[in-house]
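Structure assessment
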Number of protein chains: 2
Amino acid sequence: MPVDHAALLASALRGERRALARLISRVEMRAPGADALMASLQPRRLRAPGAPHVVGITGPPGAGKSTFTDRVVTEARRAGRRVAVVAVDPSSPRTGGAILGDRLRMDVHADDEGVYIRSLSARGHGGGLSRAASQVVDILDAVGFDLVVVETVGVGQGELGIVEVADTVLLVVTPESGDSVQAMKAGLIEVADVFVVNKADRPGADALARELEISIHLDDRPGWQAPVFTAAALDGRGVSEVVAALSRHAAYCADEGRGEWLARRAEGRVRTWLDLVADEARDAALSHFEGSPLLAGLRAGAIRPEAMPRTLS
Amino acid sequence: MPVDHAALLASALRGERRALARLISRVEMRAPGADALMASLQPRRLRAPGAPHVVGITGPPGAGKSTFTDRVVTEARRAGRRVAVVAVDPSSPRTGGAILGDRLRMDVHADDEGVYIRSLSARGHGGGLSRAASQVVDILDAVGFDLVVVETVGVGQGELGIVEVADTVLLVVTPESGDSVQAMKAGLIEVADVFVVNKADRPGADALARELEISIHLDDRPGWQAPVFTAAALDGRGVSEVVAALSRHAAYCADEGRGEWLARRAEGRVRTWLDLVADEARDAALSHFEGSPLLAGLRAGAIRPEAMPRTLS
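None of these values were measured; they are calculated from a predicted model. (Residues numbered from 1 in each chain as written. Chains lettered and ligands numbered in written order. Predicted model: local features only at pLDDT ≥ 70, side-chain atom pairs only at ≥ 80, totals over all residues.)

Now for the overall build of chain A. From N to C terminus, chain A includes 12 helices and 7 strands. Residues counted as buried form 53% of the 313 residues belonging to chain A. Considering only contacts within chain A whose residues lie at least 6 apart along the sequence, 74% involve residues at least 24 apart. (Helix = DSSP H or I, 4+ residues; strand = E, 2+ residues; numbered from the N terminus. Buried ≥ 20, exposed ≤ 12 C-beta atoms within 10 Å, placed from the backbone. Contact = placed C-beta atoms within 7 Å.)

The following block contains the structure:
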């Protein structure tokens, strides 16, 4: 019997978590019919920023991203908002490689009915993970969450794609990141809206914050001027300033930054579409040539990858 | 006048570096005719492992990857081998965002004619960077380098694709990586052939090494048993053991591990082909629909990404 996605969606809209989880899994794995369901959704975010506010949190491993996620969630819950967290682990090719998610699940929000936590791990290929993240955000949007946090371990190209699903991107770094930040700067300066140097009690924090400020200044992006904070998230120092800046950015998107926000979301939709195009082209090529002498020749090294057909016609 | 790729290749084969650099740039940006050139190459590695030996070095930012790259290069030069280093920075969308490369260039190998250093930065979309890395390795192979080191900052999915171009993958982590390694482990345990916990004088190094050993053991990969080392690369402690293990793995690939090696390379060629298929599908879709009401509708939010056409027919 085919899965009734409309019924699952209706259940998810009534707040049934198992239905929501199942719906997300179907979309994540691109199950038959899932695209049709996605095509029929009308996320509220199409119409207005902040409905829901989607916050992306990224940074190198160990920078303290989860502390900020936790605090953002806590403050939103205090205000009575329904919150979803999407924890993306680009390094795990395994289903449910829920490393970030598990950590979150153990914490204080585990029993809170107003918080939904979901992890996504890398499966399949190419742009699959940012495509999945973008679709999952649309589902969470459609079923009525007020705030969606997308947390991902990030330094690479793939992770940029994941956080670009967000309205507001927070980059968390630490003085230890050192040359790390050198390496991240080029890509992330343009993507992040709020910066925080965490573990600010360690040497080099102020220098790093200044360096980031200079890079942002040099980047010379019009509109929103991305602030740089220092914090010691473990003691809670400086965290509320960061959370407040995320809200300020949401307000900016709804008002004088609306044009920028619309352009960013438009680009996000194009990216998701192209990810789907690329995924489908890979799948189609592989299944079309599976068992063929051409593919056997490629595997054996007799045919170069560049000499293989790119299309099926 | 069209660029004469065959002439560039002939010059590169004679050791002319500017020709080599130009050839790589053309392939990197998928310039017209570059695919035909690539399709005509017959990398030596098709026939035997170790001709050249391709070593991938990855790990989080600041782990000390470049120290190991440097040492691998130094030892190979001592043995009279010609060495190329491909420094991949997945976080930089800019051409020549040569952060890793610049650092390397400053060092002792800068004046050594037997060392060629090239950086690649993220440009374009999707699997572009692993596709480019794979093609660049094939060029360096074809023009006669004996050792190619591919160094990339990595925790994500994209970076896995980049290091998978290598015969031998070294993962460098540090005790600071902490939960970092938690987050990296799942994906990298399966990909890396040699592990090193660098900065071993810091607390937690031995625990981390044990943790890695357990994960590798649990992964239960047949064949090569990936060793875990501790090192303090800045003082040179433990580095030669790591370099020796990389050579041992090359010997393994040439002998009892030959079947594994062939399978890995075959999979790499299929991946490169699918990356080309995906890149081409994206480009074709975007240029086909540019200016169309459909794409305008997607940008405006009137059409969902999932409702857009996936193919041009």
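This brings us to helix H1 (residues 5-13) of chain A. All names here are of chain A. For H1, the full list of buried residues reads His5, Leu8 and Ala12. For H1, the angular spread of the buried residues around the axis is 60°, confining them to a single face. Turned more than 90 degrees from where H1 packs its buried face, Ala6, Ala7 and Ala10 sit exposed. Where H1 is buried, its residues contact helix H2 (17-28) and helix H3 (34-40). Among the residues trailing H1, Gly15 stands out with phi positive, at a value near 95°. (Arc of directions from axis to C-beta.)

The subject of this paragraph is the pairing of strand S5 (residues 168-173) of chain B. All names here are of chain B. Here S5 lies mainly inside the structure; 6 of its 6 residues are buried. Where burial is concerned, the two faces of S5 agree: the one with Thr168, Leu170 and Val172 and the one with Val169, Leu171 and Val173 are both buried. Note: strand S1 (residues 53-59) against S5, 4 bridges, orientation parallel. In the sheet register, Gly56 faces S5, and the bridge partner there is Val169. Sheet topology note: the S5/strand S6 (residues 194-197) ladder contains 4 bridges and is parallel. Along S6, the bridge assignment pairs Val172 with Val196. (Pairing = 2+ DSSP bridges.)

This part takes up the domain arrangement of chain A. Residues and elements named next belong to chain A. Domains assigned within chain A are domain 1 (1-40) and domain 2 (41-255). Of the residues lining the interface, 10 residues belong to domain 1; the matching set on domain 2 comes to 10 residues. Elements that contribute at least two residues to the side of domain 1 that touches domain 2 include exactly H1, H2 and H3. Split by residue class, the side of domain 1 that touches domain 2 holds 7 nonpolar, 1 polar and 2 charged. (Domains from an automatic or database assignment. Nonpolar A, V, L, I, M, F, W, Y, C, P; charged D, E, K, R; others polar.)

The subject of this paragraph is unusual backbone geometry. Note: most residues except glycine have negative phi, and most peptide bonds are trans. Residue and element names in this part refer to chain B. At Arg30, a position not held by glycine, the phi torsion is positive, near 50°. For Arg30, the position within the fold is in the loop between helix H2 (17-28) and helix H3 (34-40). Even without being glycine, Lys199 reaches a positive phi, approximately 55°. Among the secondary structure elements, Lys199 is positioned in the loop between S6 and helix H9 (205-219). Exposure remark for Lys199: the 21 C-beta atoms within 10 Å place this residue in the buried category.

Residues and elements named next belong to chain A. Sheet architecture is open: 7 strands sit in the order S3-S2-S4-S1-S5-S6-S7, paired in parallel fashion. Of all strands in the sheet, those bounded by a partner on one side alone are strand S3 (115-121) and strand S7 (228-230). Each neighbouring strand pair of the sheet contributes to a mean axis angle of 20°, computed without reference to strand direction. Bridge count between strand S2 (residues 83-89) and S3: 7 bridges; the pairing is parallel. Note that in S3 the partner of Ala84 across the bridge is Tyr116. Along the sheet, helix H9 (residues 205-219) contacts strand S5 (168-173), strand S6 (194-197) and S7; its crossing angle with S7, the most-contacted strand, is approximately 175°. (Axes fitted to C-alpha atoms, helices over the stretch in contact; angles between N-to-C directions.)

Okay, H2 of chain B next. All names here are of chain B. A rise of 1.5 Å per residue sets the reference length of H2, with its 12 residues, at 16 Å; its end C-alpha atoms lie 16 Å apart and thus fit the reference within 8%. Regarding H2, the residues found buried are Leu20, Leu23, Ile24, Val27 and Glu28. End-on view of H2: buried residues confined to an arc of 135°, all on one side of the axis. Close packing links the buried residues of H2 with helix H1 (5-13), H3, strand S3 (115-121) and helix H6 (128-142). Positive backbone phi, approximately 50°, marks Arg30, located one or two places after H2. (Expected span 1.5 Å × (residues − 1).)

Remark on secondary structure: sheet strands pair via backbone hydrogen bonds, oriented parallel or antiparallel. Residue and element names in this part refer to chain B. Taken together, the 7 strands give an open sheet; going across it, the order is S3-S2-S4-S1-S5-S6-S7, and neighbouring strands pair in parallel fashion. Bordering the open sheet on either side are S3 and strand S7 (228-230), each of which pairs with just one other strand. Direction aside, neighbouring strands of the sheet carry axes that sit 20° apart on average. Along the sheet, H6 makes contact with S1, strand S2 (83-89), S3 and strand S4 (147-153), crossing S2 at roughly 170°.

Residue and element names in this part refer to chain B. Direction vectors running N to C along helix H4 (residues 65-78) and helix H10 (residues 239-254) enclose 65°, while the axes themselves pass 10 Å from each other. By the angle between their axes, H4 is roughly perpendicular relative to H10. Two packed elements cross with a definite hand, and for H4 against H10 that hand is right-handed. Listed contacts from H10 to Phe68, Arg71, Val72 and Glu75 of H4 are Val239, Val242, Val243 and Leu246. Of the residues contributing to the contact of H4 with H10, the split by class is 6 nonpolar, no polar and 2 charged. (Parallel < 35°, antiparallel > 145°, perpendicular 65-115°, else oblique. Left-handed = near helix turned anticlockwise from the far one by under 90°.)

Bringing the environment of Leu298 of chain A into the picture now. By the secondary structure assignment, Leu298 of chain A is in helix H12 (residues 293-300). For the pair formed by Leu298 of chain A and Arg131 of chain A, sequence separation is 167 residues and the distance between their alpha carbons is 28 Å. Not counting the four nearest positions on each side in its chain, Leu298 of chain A is found in contact with Ile303, Pro305 and Met308 of chain A together with Arg269, Val270 and Trp273 of chain B.

Here the focus is the environment of Glu211 of chain A. In this structure, Glu211 of chain A sits in helix H9. Residues Glu211 of chain A and Ala87 of chain A, spaced 124 residues apart in sequence, show a C-alpha to C-alpha distance of 29 Å.

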